[in-house]
Amino acid sequence: MERLDLSRNKLNGTIPVSIHVLTNLVELDFSWNGLTSSIPSQIFDLKHLITLSLGMNTLNGSISELIGNLQNLVELYLDKNVLTGTIPTEFGMLSKLIELNLELNRLEGTIPSEIGQITTLLGIDLSDNDLTQNIPLEFAMLLELEFLYVQENPLSGEVPWEVCQLHVEKDFDFEGICSPTFTCDCCQPCF
């Protein structure tokens, strides 16, 4: 089996740890259900995964550093859960990733600069979390970026000039700069 789509099935409970026996999976979609508990570490054994969709559940706990094992991943949707902790630096190992959605969780700490190493990224949604400090300078290396959403985070400081230049040159969708503690020379004023 290569694809397992159980989205929108009103499933509840946990993701079975036996999921790892489906070693040929390239797509796993459990989105839009009522799944609870943490993401089982066995998911990170599915090294052929291209798409992992676990959004719109009530998954909790942290994102394991084992996420770096999924080096074929192109799309990752962990949005709209109650995930906590920091964003692992191991995201930088996902060199094929095109879309990263961690929106509407309870993630905290800084945005890892390692995400800037994923030069294939077209879209990043980190909005509605508790991320602090600034957008990493390394995001200026994301030359293919089409959108970056960071609104509703307590970010502070000034967006690095190099990221601003990329925004101006590429005209990508950049939301989340409206904050008295977070400034951007290249963005539209919002106050």
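Note that the coordinates shown come from a computational prediction; the quantities given were computed from them, not determined experimentally.

Asker: Got a minute to help me understand the sheet that holds strand 8 (residues 82-85) in this structure?
Answerer: Whether parallel or antiparallel, the strands of a sheet pair through hydrogen bonds between backbone atoms. Judged by pairing direction, the sheet is parallel, and its four strands sit side by side in the order 6-8-10-12 without closing on themselves. The sheet terminates laterally at strand 6 (60-62) and strand 12 (130-132), the two strands that pair on one side only. The average angle at which neighbouring strand axes cross in this sheet is 20°, direction not considered. Bridge count for strand 10 (residues 106-110) against strand 12 is three bridges, and the pairing is parallel. Its bridge partner being in strand 12, G109 is matched across the sheet by L131.

Asker: How do you make sense of the pattern of salt bridges when you look at a structure like this?
Answerer: Charged atoms that come close allow side chains of opposite charge to pair. Applying the stated criterion across every chain, the model contains four salt bridges. E27 is paired through a salt bridge with R3; the nearest N and O atoms lie 3.4 Å apart. Linking E27 in strand 3 (residues 27-29) with R3 in strand 1 (residues 3-5), this pair joins segments that are 24 residues apart in sequence. Residue classification places R3 among the exposed residues on the basis of a relative accessible area of 53%. Its salt-bridge partner being D79, residue K80 comes within 3.2 Å of it at the nearest N-O pair. A relative accessible area of 27% places K80 in the partly exposed class. Under the relative-accessibility criterion, D79 is labelled buried at 9%. Through salt bridges with shared partners, a single network forms among E2, R3 and E27.

Asker: What exactly am I supposed to notice about unusual backbone geometry here?
Answerer: Trans is the common state for peptide bonds, and a negative phi is the common state for residues other than glycine. The backbone of W32 sits at a positive phi, close to 60°, despite the residue not being glycine. Structurally, the position occupied by W32 is in the loop between strand 3 and strand 4 (34-35). With relative accessibility at 43%, the residue W32 sits in the partly exposed group.

Criteria and thresholds
- Residues numbered from 1 in each chain as written.
- Predicted model: local features only at pLDDT ≥ 70, side-chain atom pairs only at ≥ 80, totals over all residues.
- Heavy atoms only, no water.
- Pairing = 2+ DSSP bridges.
- Helix = DSSP H or I, 4+ residues; strand = E, 2+ residues; numbered from the N terminus.
- Axes fitted to C-alpha atoms, helices over the stretch in contact; angles between N-to-C directions.
- Salt bridge = Lys/Arg side-chain N within 4 Å of Asp/Glu carboxyl O.
- Buried < 20%, exposed > 50% of the residue type's maximum accessible area, 1.4 Å probe, protein only.

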